[in-house]
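Coordinates in review
Okay, here's what each chain looks like letter by letter:
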Amino acid sequence: MKLRWFVTLSSLPLLGVVTAFGIMPQTDVISQSQKTLIEDIALPTAQPVPSNATSFWRNDRVQRGDTVAELLRRLNVEDPTASDYLRNNKDAAGLRRLPVGKEVQAETDANGALLALRYLDGNANQVVIEKSGNGFKTHTLPAQTEKRTQIRTGEIETNLFAATDEAGLPDPAANQLSDIFGGDIDFHRDLRKGDKFTVIYEMNYINGEPVRTGRIISAEFINRGHIYRAAYFQTSENSGDYYSPDGKSMHKAFLRSPLEFSRISSVFSKSRFHPILNKWRAHKGVDYAAPIGTKVKVTSDGVVAFVGKQHGYGNVVMVDHQGHFTTVYGHLSRFAGGLHKGERVSQGQVIAYVGMTGLATGPHLHYEFRMNGVQRDPLKVALPDGKPISETQQAAFTAATSPLFAELDTFHNTRIAKLD
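Residues numbered from 1 in each chain as written. Predicted model: local features only at pLDDT ≥ 70, side-chain atom pairs only at ≥ 80, totals over all residues. Heavy atoms only, no water.

A few words on the overall build of the protein chain. Within the protein chain one finds eight helices and 22 strands. Here the protein chain holds 420 residues, and the buried ones make up 39% of them. Restricting the contact set of the protein chain to residue pairs at least 6 apart, pairs at least 24 apart contribute 61%. Put simply, the protein chain shows about 24400 Å² of open surface, and 52% of that area lies on carbon and sulfur atoms. (Helix = DSSP H or I, 4+ residues; strand = E, 2+ residues; numbered from the N terminus. Buried < 20%, exposed > 50% of the residue type's maximum accessible area, 1.4 Å probe, protein only. Contact = heavy atoms within 4.5 Å. Areas by Shrake-Rupley, 256 points an atom, 1.4 Å probe, with all protein chains shown as cover.)

Moving on to the pairing of strand S7 (residues 196–206). Most of S7 sits inside the fold, with nine of its 11 residues counted as buried. Direction of pairing for strand S6 (residues 145–155) relative to S7: antiparallel, over a ladder of 11 bridges. Counted as the bridge partner of Gly154 is Phe197 from S7. Bridging between S7 and strand S8 (residues 209–223) involves 10 bridges; their strand directions are antiparallel. Across the sheet, residue Met203 finds its bridge partner in S8, namely Thr213. Between S7 and S8, which pair antiparallel and follow one another directly, the connecting turn spans two residues, one of which, Asn207, has a positive phi of 55°. (Pairing = 2+ DSSP bridges.)

Another point: the sheet that holds strand S9 (residues 226–234). On the basis of which strands lie adjacent, the open sheet formed by five strands has the order S6-S7-S8-S9-S10 and antiparallel pairing. For this open sheet the edge positions go to S6 and strand S10 (240–243), each flanked by a neighbour on one side alone. Going from strand to strand, the sheet's axes swing by 25° on average, the running direction of each strand aside. As defined by bridge partners, S8 adjoins S9 across six bridges and the pair is classed as antiparallel. Residue Glu220 lies in a different strand from S9, and its bridge partner there is Arg229. (Axes fitted to C-alpha atoms, helices over the stretch in contact; angles between N-to-C directions.)

Further remarks concern helix H8 (residues 394–411). Spanning 18 residues, H8 covers 26 Å between terminal C-alpha atoms, matching the ideal 26 Å at 1.5 Å per step. In the structure, H8 departs most strongly from a straight axis at Thr401, where the bend amounts to approximately 35° and where the proline Pro403 lies between one and four residues downstream. Within H8, the full set of buried residues consists of Phe397, Thr401, Leu404, Phe405, Leu408 and Phe411. The elements touched by buried residues of H8 are S6, S7, S8, S9 and S10. (Expected span 1.5 Å × (residues − 1). Bend = angle between axes of the 7 residues up to and from the residue.)

A word on the sheet that holds strand S4 (residues 126–132). Taken in spatial order, the five strands make up an open sheet running S1-S2-S3-S4-S5, and their pairing is antiparallel. What marks the edges here is a single partner per strand, and that holds for strand S1 (55–61) and strand S5 (135–141). For this sheet the average axis-to-axis angle between neighbouring strands, irrespective of direction, equals 20°. Across five bridges, the pairing between strand S2 (residues 103–109) and strand S3 (residues 114–120) is antiparallel.

Phi angles above zero are rare outside glycine, and Ala124 is one such case at about 70°. Here Ala124 shows up in the loop between S3 and S4. Positive phi outside glycine occurs at Asn372, with the angle close to 55°. Along the chain, the position of Asn372 falls in the loop between strand S21 (364–371) and strand S22 (374–376). On the accessibility criterion, Asn372 (61% relative accessible area) is exposed.

All right, on to the packing of helix H6 (residues 160–167) against helix H7 (residues 171–181) then. Two quantities define a packed helix pair, namely the angle between the axes and the distance from one axis to the other. At a minimum axis distance of 10 Å, the contact between H6 and H7 shows a crossing angle of 135°. The orientation of H6 relative to H7 falls into the category oblique. The interaxial crossing formed by H6 with H7 has right-handed handedness. Contacts from Leu160, Phe161 and Thr164 of H6 reach H7 at Asp171, Ala174, Leu177 and Ser178. Of the residues contributing to the contact of H6 with H7, the split by class is four nonpolar, two polar and one charged. (Parallel < 35°, antiparallel > 145°, perpendicular 65-115°, else oblique. Left-handed = near helix turned anticlockwise from the far one by under 90°. Nonpolar A, V, L, I, M, F, W, Y, C, P; charged D, E, K, R; others polar.)

So, on to the nonpolar core. One broad rule of soluble globular proteins: the nonpolar side chains tend to lie buried together. Core analysis: the largest hydrophobic core is formed by 26 residues, its most contacted members being Leu177, Phe181, Phe197, Ile216 and Phe221. Put simply, the parts of the chain that give this core at least two residues each are H6, H7, S7, S8 and S9. Excluding its chain neighbours within four sequence positions, the residues that come into contact with Phe197 are Arg152, Thr153, Gly154, Glu155, Ile156, Ala163, Thr164, Ala167, Leu177, Glu220 and Phe221. (Core = buried A, V, L, I, M, F, W, Y, C linked by side-chain atoms within 4.5 Å.)

Looking at the element boundaries, Thr213 is found in strand S8. For Thr213, a relative accessible area of 15% corresponds to the buried category. Those residues in contact with Thr213 that sit more than four places away from it in its chain are Pro170, Pro172, Ala173, Tyr201, Glu202, Met203 and Asn204.

Residue placement: Thr294 occurs in the loop between strand S14 (286–289) and strand S15 (295–297). One polar contact links the side chain of Thr294 to the main-chain carbonyl oxygen of Pro291, over a distance of 2.7 Å. (Polar contact = N/O pair within 3.5 Å; in protein donor to acceptor, adjacent residues only side chain to side chain.)

For the structure on display, the rule yields 14 salt bridges. The partner of Asp184 in a salt bridge is Lys252, with the nearest N and O atoms 3.7 Å apart. Pair noted here: Asp184 is in the loop between H7 and S7 and Lys252 is in the loop between S10 and strand S11 (263–266), with a separation of 68 residues, a long-range link. When salt bridges that share partners are traced, they join Asp60, Asp66, Glu70, Arg73 and Arg74 into one network. (Salt bridge = Lys/Arg side-chain N within 4 Å of Asp/Glu carboxyl O.)

Here you go:
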């Protein structure tokens with residue numbers, strides 16, 4: 001009886017298979033040919049991966065509250081000897097003092113043992129900690145510096161700053177561009193939509209990372225269809241300037257504006273209604289609306305004649321130039337540190353900051369241009385030119401700048417996509 005139940009139950013799975021798949025009926029031959037084999041198979045012994053066979057580089061940044069152990073954990077370093085060296089050895093003290101945000105790179109083998117660790121110190125030198133025998137050693141490599149030439153092109157839609165930002169031109173280069181052409185183009189009034197510029201400039205790199213914007217080498221600005229071009233030429237061992245293709249200095253004796261980017265809120269006028277005095281009077285200067293703290297630049301080389309408070313000007317700086325010119329900068333919030341009467345200042349030097357002291361209803365700079373004590377409209381007065389290339393340097397100038405102007409020809413009316 002027990003045997004019959006066994007046979008019946010053991011047949012059910014086979015009958016199910018026959019029904020489901022429609023294979024041939026189970027036979028005694030097939031059932032007799034089925035055998036179960038059990039055999040031991042020897043597997044090869046697992047060998048550890050040699051530490052020098054494969055290495056992996058990982059990088060991470062120092063986080064607030066980090067310990068050496070936590071940083072190594074994120075770098076996938078599992079090496080007690082390395083951890084002890086980095087936590088306790090005086091040669092690795094620089095790692096323990098790294099500020100938040102500093103990048104650290106680690107090379108490990110497949111087992112997590114540290115092979116090398118490197119980072120940049122405060123002077124951009126590369127510090128390398130390497131495995132040496134059963135321990136580690138630290139050495140410092142000098143920073144690898146280089147200059148690369150960059151090219152940016154752009155088109156004016158609203159203002160210069162917005163266009164240079166859209167083109168990816170760094171702010172220091174944008175400021176240089178404004179200074180170079182500022183004597184010919186009033187960037188507050190003369191710009192039109194569709195004006196174009198091309199800038200070829202240097203960028204300084206340390207260990208492959210951009211760190212500082214260098215000098216503009218050459219540039220072109222097309223304003224209202226008129227083409228302005230300039231290239232830098234080294235006139236002596238320690239000085240140089242920007243010149244047009246015919247050798248004229250791009251720098252006028254005076255800048256058109258003492259501010260880099262702003263808008264004119266009030267022009268020079270013989271009769272203007274004063275918003276505070278509530279009466280009509282002459283406005284013998286130009287007002288530039290700008291946020292408090294905006295840098296104010298002296299428009300020409302000169303000597304400071306006055307620094308302090310004076311009547312409706314509030315905080316004011318007055319500078320004498322070339323014997324019969326004077327510029328005035330009023331309503332200032334504060335003066336540049338150490339600025340004093342009798343100090344010599346250079347064109348473009350920051351002398352003060354925009355404010356709203358004196359008779360002012362809002363933050364702005366009041367700027368005056370005086371000739372022999374008489375106020376003149378700084379936006380219209382003919383400004384004296386800078387010194388052109390001397391005859392003795394003309395040949396050297398042509399040889400040095402001709403390739404630069406030829407390069408501008410290559411990119412004339414061309415838009416270059418910002419790839420970086």
